[in-house]
Amino acid sequence: VDCMLAASLLRLEDPPPVLDIVRLEPGIYRFGPEGPRHRCYTSAGRLMVLPAEQLEHSNASNGDSAAAVELSDFLRRTQEREEALVDEQAAPTKDLQILINNQAVH
């Protein structure tokens, strides 16, 4: 799985800007310095990622589950969530700046 993970990352058309992957044990990885644990495994020649919330609930020995997604989809969704979080955290600052600008005009 380690080699497939590395090869899959090299083949990505749009790699994430920063990617910190930590191998915790065979088939178990952490994406990001403080991210949750994920199980990675191969299925039909594809590298699959079982999201953390499904990791403890999976009874299959290889982690095969309807909740598993291909690595590229997983990374895209992860990046979208991170961007949304950054936008959400910046929203109060933007609202405050608009309020300040409106008061300065009046």
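Novice: Which residues make up the overall build of the chain, and what values go with them?
Specialist: Scanning the chain from N- to C-terminus turns up 3 helices and 5 strands. When the 106 residues of the chain are sorted by exposure, 25% land in the buried category. Counting only contacts in the chain whose residues sit at least 6 apart along the sequence, the fraction spanning at least 24 positions is 31%. Total accessible area on the chain stands at roughly 7,500 Å², and carbon and sulfur atoms take up 51% of it.

Novice: Requested: an account of the environment of L9, with residues and values cited.
Specialist: With respect to the element layout, L9 can be found in helix α1 (residues 2–11). With a relative accessible area of 24%, L9 lands in the partly exposed category. Each C-alpha atom of the pair L9 and L19 lies 9.7 Å from the other, and the pair is 10 residues apart in sequence. Discounting residues that sit within four places of it in the chain, L9 has contacts with L19, I21, L71 and L75.

Cut-offs used in this document
- Residues numbered from 1 in each chain as written.
- Predicted model: local features only at pLDDT ≥ 70, side-chain atom pairs only at ≥ 80, totals over all residues.
- Heavy atoms only, no water.
- Helix = DSSP H or I, 4+ residues; strand = E, 2+ residues; numbered from the N terminus.
- Buried < 20%, exposed > 50% of the residue type's maximum accessible area, 1.4 Å probe, protein only.
- Contact = heavy atoms within 4.5 Å.
- Areas by Shrake-Rupley, 256 points an atom, 1.4 Å probe, with all protein chains shown as cover.

These figures capture arrangement, not role.
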